[in-house]
Amino acid sequence: MEQIRGSNKLVLTVTCLVCFWFSVGMSSDSDTLIKTYKSFNDGLVSSVQSISESEWDSLVIQSEVPVMVLFTADWCGPCRWLLPTLYVLDLDYKDQFKFYTVDIDKESSIAARNMVRAIPATLVFKGGYIVATYMGTDSRKLKQLVEQYK
């Protein structure tokens, strides 16, 4: 019995070391989460904010630059996965693009007006009109949309 306990500790230790190696050794500066951490540690601050119905027209529809809006909710785990990507994009495309979030539980009228039926949903606006819609959590797709519409 004592031999079994000892082997379990060894397996657990090896597993933890493998996980540590994978998370540290396999990540790079191109990794969105690593880049976000470094950006915020360098003193840069993202201006991504959640907007309300009263701000919608002035910040999105009347914007001089393209706008990406991530529709989200507090209870949506996959939505939270996209937030670091939005922060990085905001820092990388500071004067070329604007980035906002809309909480569908608090601002259901905005979601309804833009026919958002599931989240995470990302809409790109240019000149006050929707030019692209993306449903999903692929952060590379968000960057592609920014590159396409900047």
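Asks: So what exactly am I meant to see when it comes to the nonpolar core here?
Replies: Across soluble globular proteins, you tend to see nonpolar side chains buried next to one another. Counting residues in each nonpolar core, the largest one holds 19 residues, and the members touching the most others are Trp 56, Val 60, Val 69, Phe 71 and Ile 119. Of all the secondary structure elements, the ones that give two or more residues to this core are helix H3 (53-61), strand E2 (67-72), strand E3 (98-103), helix H5 (108-113) and strand E4 (121-126). Filtering out sequence-adjacent residues up to four positions away, Trp 56 remains in contact with Ile 51, Ile 61, Val 69, Phe 71, Val 102, Ile 110, Arg 113, Asn 114 and Phe 125. Among the nonpolar cores identified, the runner-up in size contains 16 residues, and Val 48, Leu 86, Phe 97 and Tyr 149 belong to it.

Asks: Would you explain the state of the cysteines in this entry?
Replies: Summed over the entire model, instances satisfying the criterion amount to one disulfide. Bridging Cys 76 to Cys 79, the disulfide has an S-S length of 2.2 Å. Taking the torsion about the sulfur-sulfur bond, which here is approximately 75°, the covalent link between Cys 76 and Cys 79 counts as right-handed. For the residue pair Cys 76 and Cys 79, the accessibility class agrees, reading buried in each case.

Asks: What's the story with the side chain of Asn 114 in this structure? I'm lost.
Replies: With respect to the helices and strands, Asn 114 occurs in the loop between H5 and E4. Excluding its chain neighbours within four sequence positions, the residues that come into contact with Asn 114 are Trp 56, Phe 71, Leu 123, Phe 125 and Ile 130.

Asks: Help me out: how do you make sense of the layout of surface pockets in this one?
Replies: Empty space among the atoms becomes visible once a probe the size of a water molecule is rolled across them. Each pocket or cavity is described by its volume, and for the second largest pocket that value is around 160 Å³. Along its surface, the second largest pocket is lined by Ser 50, Ile 51, Thr 72, Ala 73, Asp 74, Arg 80, Leu 83, Thr 101, Val 102, Asp 103, Lys 106 and Glu 107. Breaking the lining of the second largest pocket down by element, the ones donating at least two residues are helix H4 (77-92) and E3. A per-element tally of the lining of the second largest pocket places E3 first, with three residues. Of the residues contributing to the lining of the second largest pocket, the split by class is four nonpolar, three polar and five charged.

Asks: Got a minute to help me understand the pattern of salt bridges in this structure?
Replies: Tallied over the entire structure, the rule returns five salt bridges. Close ionic contact of Lys 150 with Glu 147 constitutes a salt bridge, the shortest N to O distance being 3.4 Å. With relative accessibility at 38%, the residue Glu 147 sits in the partly exposed group.

Thresholds, definitions, all that
Residues numbered from 1 in each chain as written. Predicted model: local features only at pLDDT ≥ 70, side-chain atom pairs only at ≥ 80, totals over all residues. Heavy atoms only, no water. Core = buried A, V, L, I, M, F, W, Y, C linked by side-chain atoms within 4.5 Å. Buried < 20%, exposed > 50% of the residue type's maximum accessible area, 1.4 Å probe, protein only. Helix = DSSP H or I, 4+ residues; strand = E, 2+ residues; numbered from the N terminus. Contact = heavy atoms within 4.5 Å. Disulfide = S-S within 2.5 Å. 1 Å grid on protein atoms, 1.4 Å probe; cavity = no way out; pocket = protein on both sides within 12 Å on 5 of 7 lines; lining within 4 Å. Points joined across faces, edges and corners; volume = space filled by probe spheres on them. Nonpolar A, V, L, I, M, F, W, Y, C, P; charged D, E, K, R; others polar. Salt bridge = Lys/Arg side-chain N within 4 Å of Asp/Glu carboxyl O.

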